[in-house]
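Residue-level structural notes
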Amino acid sequence: MQNLRTRPHRRLLVESLEARRVLSATSLTDLNSALDTLAGNDAWVAPETDVNAPRVVSVRVSSHAWQSSYLDRVDPALRAGFPMSALASQHASLPWTNVDQIQIQFSEDVEASFDPSLVKVYGARIADYQSLFSVAYDRDSHVAKIQFTESLSTDRLVIGVRDRLSDAAGNQLDGEWLDGGNQTTSGDGTAGGNFYYRINVLAGDLSGDGVVLGNDVTGGLLSRGKSVSDDGYYPLSDLDGS
């Protein structure tokens, strides 16, 4: 029978019930019900062990220079940054001129094992960004914020989080990601697995197709002079989040 921590004065009651085969050996519900009925009050049962692995549930980009009204518009839920899931495609270029933050949100608190060295950033133009950013973790929001020393310029980035990251129960990060797909949460259902996420940066690429052409310029001109409260305002054309 599963080990249960009950109050000492009820042990004889449980043993009696088991001897008469009143309780199923695997039924916690029946055990609680019988104790309540015969003892006249609630039984205390130890909580189940945490077996859920932490996952990545969102990736956001932001800038320390973005105005609060802009954050209200692009991220009304948390006012933290632009959710990558709002792009037409994960691989669509980020058009902003001043992105200097990447925020990774986990499904649960991972403070107990968090170490900035578990977060990696690589690029095509700059091979290794490790000396160009710092990482801070917020236990309340479960967000690891990557703060770059300068605004990101044209590059193809890969953000990585090692699966040595774990929750308080020791469950390792379930981090596998289907690159470029429509996945919104990391993982394959089994604890363990590094998280790798690709982000492309190309200032002015409003269409997100990887090149800056006349249609991008036209889109910017059509949005010129509009503010977040105006009809026809397009957040991605506000290249500095002002």
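Conventions used here
Residues numbered from 1 in each chain as written. Predicted model: local features only at pLDDT ≥ 70, side-chain atom pairs only at ≥ 80, totals over all residues. Heavy atoms only, no water. Pairing = 2+ DSSP bridges. Helix = DSSP H or I, 4+ residues; strand = E, 2+ residues; numbered from the N terminus. Buried < 20%, exposed > 50% of the residue type's maximum accessible area, 1.4 Å probe, protein only. Axes fitted to C-alpha atoms, helices over the stretch in contact; angles between N-to-C directions. Salt bridge = Lys/Arg side-chain N within 4 Å of Asp/Glu carboxyl O. Contact = heavy atoms within 4.5 Å. pLDDT = per-residue confidence, 0-100.

Thoughts on the sheet that holds strand β1 (residues 56-62)
Spatial ordering of the open sheet is given by β2-β1-β3-β6-β5, a layout of five strands whose pairing is antiparallel. Each edge of the open sheet is held by one strand with a lone partner, namely β2 (82-83) and β5 (133-138). By the bridge criterion, six bridges tie β1 to strand β3 (residues 101-106) in an arrangement that is antiparallel. In the strand pairing of β3, V56 is matched with F106.

Some thoughts on the pairing of β3
Most of β3 sits out of view: six of its six residues are buried. Both β3 and strand β6 (residues 143-148) contribute to a ladder of five bridges, which runs antiparallel. Paired with I102 across the bridge in β6 is I146.

A look at the sheet that holds strand β7 (residues 155-161)
In spatial order, the strands read β4-β7-β8; together these three strands make up an open sheet with antiparallel pairing. Either end of the sheet is taken by a strand with one partner, and the two such strands are β4 (119-123) and β8 (195-201). Across the sheet, the mean angle from the axis of one strand to that of its neighbour is 20°, orientation sign disregarded. Sheet topology note: the β7/β8 ladder contains seven bridges and is antiparallel. Looking at β8, one finds that L157 is bridged to I199.

Focus on the pattern of salt bridges
In total, this model carries four salt bridges according to the counting rule given. Salt-bridge contacts for R60 lead to D75; the nearest nitrogen and oxygen are separated by 3.0 Å. Remark: D75 occurs in the loop between α3 (68-74) and β2 and R60 occurs in strand β1; sequence separation between them is 15 residues. Of the two residues, R60 and D75, neither departs from the other in class, the shared state being buried. In this structure, the salt-bridge partner of E111 is R139, at a minimum N-O distance of 3.5 Å. Residue E111 is located in the loop between β3 and β4, and its partner R139 is located in the loop between β5 and β6; the two are separated by 28 residues in the primary sequence. R139 gets classed as partly exposed once you look at its relative accessible area, which sits at 48%.

Considerations on the environment of L178
The topology assignment puts L178 in the loop between β7 and β8. Apart from residues lying up to four places away in sequence, L178 is in contact with Q90 and Q183.

A short note on the confidence of the model for the chain
Model confidence for the chain is summarised by a mean pLDDT of 82, while 75% of its residues fall at 70 or above. This model gives residues 1-32 a pLDDT under 50, and the stretch forms 39 contacts once residues within four places in sequence are excluded. Within the model, the stretch residues 42-46 combines pLDDT values under 50 with 16 contacts to residues more than four positions away or in other chains.

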